[in-house]
Amino acid sequence: TAADLIADHYAGDTDAARGLLDVVKTRDKERPGRNSAEETDLAADLAHFLACFARLGVRALAKELDPFFRHRHSDVCGSALEAAEKLRSKDLIDPLIQVLAEAEKMKAWKPDSGSGAGTVDDRKGLLMSGAQSAMEATTRQKHANSQAWKKWWDANRASFKAPD
C-alpha cells in the first residue's frame, strides 16, 4: 500500500508521519454502517496506517496517538498502543496511565456463548496489556497497576530520559 511505501522509504520524516496521521484523522470521520463490511475495512485501514506511522519512528508526534487509545474499534486501539510501545515516548506516559486506570475500572461481562461478539473483557484486556507493554518498553519499569505507575511517574517524570 501507499502507507507501506511511505513507512519503508521515509523513516524519521516528520512530514511523512504527519501526512499519515492526517489520513488517519480524515478517514476516522467516515461513518459506514454499523457492523458492515465497510466498517470492518475502515477499522483495518486505520490500524494499518497507525502501524505504518509507528514504523516511521517519529517520536515527536507520538502524542497524536492519544485519542486512538480509546477508539471505538479495538483493532485501532491495539494498533495505537503497539505504536506507542514502538515509539517509546515519555509524552505518552500520562495518557497511558489514564488508559490503564480506565481499563481497570471496566466491568466484566460475558455474552451468550457462540455470539462471536467481542466482550468488555476483550477490550479491558487489550487496553490493560497494551498500556502496560507500552509503558514498560518506554521506561524499562514494571508496575502492577495504574496507581503504582502514577506514583513512580510522579517521582521520576522530571529526570526521566526515554531510551534510544
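Everything quoted here is computed from the prediction, not taken from an experiment.

Caption draft 1: Just the overall build of the chain, in detail. In terms of helices and strands, the chain carries seven helices and zero strands. Shown N-terminal to C-terminal, the secondary structure of the chain runs as helices and strands in the order α-α-α-α-α-α-α. Relative to the 2.2 N^0.38 estimate, which gives 15 Å for 164 residues, the radius of gyration of the chain is 16 Å and therefore close to what a compact globule would have. Reported as C-alpha extents along the three principal axes, the dimensions of the chain are approximately 50 × 45 × 20 Å.

Caption draft 2: Region of interest: the nonpolar core. Within the largest apolar cluster, 44 residues are counted, with the highest numbers of intra-cluster contacts made by Leu50, Leu65, Phe69, Leu96 and Met135. For this core, the secondary structure elements donating two or more residues are helix H1 (2-9), helix H2 (14-28), helix H3 (37-56), helix H4 (74-87), helix H5 (93-105), helix H6 (120-139) and helix H7 (146-156). It is H3 that contributes the most residues to this core, nine residues altogether. Not counting residues up to four positions away in its chain, the partners in contact with leucine 65 are Leu50, Phe53, Ala80, Ala83, Ala84, Leu87 and Leu92.

Caption draft 3: Looking closely at the packing of H3 against H4. Where H3 meets H4, the closest approach of the two axes is 8 Å, and the angle between their N-to-C directions is 5°. When the interaxial angle is binned, H3 and H4 end up roughly parallel. Residues Ala43, Leu46, Ala47, Leu50, Ala51, Phe53 and Ala54 of H3 form the contact with H4, whose own contacting residues are Asp75, Val76, Ser79, Ala80, Ala83, Lys86 and Leu87. Across the contact of H3 with H4, the residue classes break down as 11 nonpolar, one polar and two charged.

Caption draft 4: Focus on the pattern of salt bridges. Taken as a whole and judged by the stated rule, the model has 12 salt bridges. Two residues, arginine 157 and aspartate 94, come together in a salt bridge whose shortest N-O distance is 2.5 Å. With arginine 157 in the segment after H7 and aspartate 94 in helix H5, this residue pair connects regions lying 63 residues apart in the sequence. Linked through salt bridges whose partners overlap, the residues forming this network are Asp94, Lys150, Asp154 and Arg157.

How each quantity is defined
- Sequence order as written defines residue numbering, which begins from 1 separately in each chain.
- The predicted nature of this model means local features are confined to residues of pLDDT at least 70 and side-chain atom pairs, given and counted, to a pLDDT of 80 or more, with totals for whole chains, interfaces and linings taken over all residues.
- Calculated side-chain values reflect all of the structure's heavy atoms, with hydrogen atoms and water omitted.
- Here a helix means four or more residues in a row that DSSP labels H or I, a strand means two or more in a row labelled E, and each is numbered from the N terminus.
- Here the globule rule reads 2.2 Å times residues to the power 0.38, and the radius of gyration is calculated from C-alpha atoms.
- For our purposes a nonpolar core is just a set of buried Ala, Val, Leu, Ile, Met, Phe, Trp, Tyr and Cys residues, chained together by side-chain atoms within 4.5 Å.
- Relative accessibility decides the category of a residue: with a 1.4 Å probe and only protein chains considered, values under 20% of the type maximum give buried, values over 50% give exposed, and everything between is partly exposed.
- Throughout, a residue-residue contact means that at least one pair of heavy atoms, one from each residue, lies within 4.5 Å.
- Axis lines are fitted through C-alpha atoms, for helices just across the contact stretch, and the angle between N-to-C directions can take any value from 0 to 180 degrees.
- Roughly parallel means an angle under 35 degrees; roughly antiparallel, over 145; roughly perpendicular, 65 to 115; everything else is oblique.
- For this scheme, ten residues count as nonpolar: Ala, Val, Leu, Ile, Met, Phe, Trp, Tyr, Cys and Pro. Four count as charged, namely Asp, Glu, Lys and Arg, and the remainder, Gly too, count as polar.
- Salt bridge, as used here: a side-chain nitrogen of Lys or Arg that lies within 4 Å of a carboxyl oxygen of Asp or Glu.

Worth remembering: the numbers are spatial, not functional.
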